[in-house]
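# Descriptive structure summary
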Amino acid sequence: MPGALPPPFLAITPGVLERDAGGGFTQTHDAMLRAARAAIAGGVRGLLVREPSLADGDVLRLARALREALDEVDEPTWLGLHDRVHLASAAGAQAAHVGGRSLPAAEARRVLDAGLTLGVSTHDGDDRGAWEGADYALHAPVFTPVSKHASGAALGHDGLARFVERCGLPVWAVGGITSERIGELASTGARGAAAIGAVWGIDATPIRGAEGPITDAVGIETRAAALVEAAGHVFSEVPQ
């Protein structure tokens, strides 16, 4: 049986954090933590840590700090680690998540601590082997992404609905998700939506460290609140 699934709206970290030229991580870490606290203040209750450029130690440190920030909320919260299956338990996460370039879901399941949830990223054209062994799927790109380059043509409402029916797992829509477009996901059968750029206010232009829009706490809280509210309306009647 799966463990805890993500909430109806899931925020994915920007994916562009790096150490500075001197090898330090403090400024980047602190900026991301401030940004995450703003998102949490806006109602975000689920965070997926996806930072491919950071070393394991930095990811673990960041994830533990985010875990502490989520734990300050007096309601259930969810933390997942992308592509760091071996760190999920140590970070206090509920889940590990594997992408297309990571371990296959079935292999990740073999090394993931018992009781933790396993997620997988999927795309149009994937066969069932891509998600076998997982507990939930992120499916992309539903719309044209705002924070990274598209991995294929946008699926839209009907393409997402077809995948949900075929997959058999709980599915979260990702790719181009905004508070205005979440309403278009109604009746697809998806269980929720996930976003990067719509939360942090970034586009496909990489940012470095603490520089860039992730320091805009007021904007992050406002955007997060709109996303959480929209997802609550659309997915409130979807069986969880």
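Everything here concerns the structure above.
Residues numbered from 1 in each chain as written. Predicted model: local features only at pLDDT ≥ 70, side-chain atom pairs only at ≥ 80, totals over all residues. Heavy atoms only, no water.

### Observations concerning the nonpolar core
Note the cut-off: What we call a nonpolar core is a set of buried Ala, Val, Leu, Ile, Met, Phe, Trp, Tyr and Cys residues that are connected through their side-chain atoms within 4.5 Å. Summary of the burial criterion: residues with accessible area below 20% of their type's maximum are buried, those above 50% are exposed, and those between are partly exposed, where the area comes from a 1.4 Å probe applied to protein chains only. Note on conventions: DSSP H or I runs of at least 4 residues are helices, E runs of at least 2 residues are strands, and numbering of each starts at the N terminus. Contacts: residue pairs with any heavy atoms within 4.5 Å of one another.
Core analysis: the biggest nonpolar cluster contains 80 residues, and Leu47, Leu138, Leu185, Val199 and Trp200 have the highest contact counts within it. Of all the elements, helix α2 (residues 56-71) adds the most residues to this core, at eight residues. If we skip the residues at most four places from it in the chain, Leu185 touches Val142, Phe143, Leu160, Ala173, Ile177, Ala193, Val234 and Phe235.

### Some details on the side chain of Ser121
As a reminder, the rule being used: Side-chain atoms alone can form a polar contact between residues adjacent in sequence; in general such a contact is a pair of N or O atoms within 3.5 Å, and within protein one must be able to donate a hydrogen while the other accepts it.
Checked against the element boundaries, Ser121 lands in strand β5 (residues 117-123). The exposure class of Ser121 is buried, given its relative accessible area of 18%. Here the side chain of Ser121 touches His97 through a polar contact of 2.9 Å, side chain to side chain. Leaving out residues up to four positions away in the same chain, Ser121 has contacts with His82, His97, Val98, Gly99, Asp126 and Leu138.

### Examining the packing of helix α1 (residues 26-41) against helix α7 (residues 217-235)
Two measures define how a pair of helices packs: the angle their axes make with one another and the distance between the axes. Note the following rule: Fitted lines through C-alpha atoms give the axes, limited to the stretch in contact for helices. The angle between two N-to-C directions lies from 0 to 180 degrees. Working rule for handedness: look at the near helix, and if it is turned counterclockwise from the far one by less than a right angle, call the crossing left-handed; if clockwise, right-handed. Note on residue categories: nonpolar means Ala, Val, Leu, Ile, Met, Phe, Trp, Tyr, Cys or Pro, charged means Asp, Glu, Lys or Arg, and polar means any other residue, Gly included.
With their axes 7 Å apart at the nearest point, α1 and α7 run at an angle of 35° to one another. Crossing geometry of α1 relative to α7 is assigned as right-handed. Contacts between α1 and α7 involve Ala35, Ala38, Ala39 and Ala41 from the former and Ala217, Ile220, Glu221 and Ala224 from the latter. Its residues assigned to classes, the contact of α1 with α7 comprises seven nonpolar, no polar and one charged.

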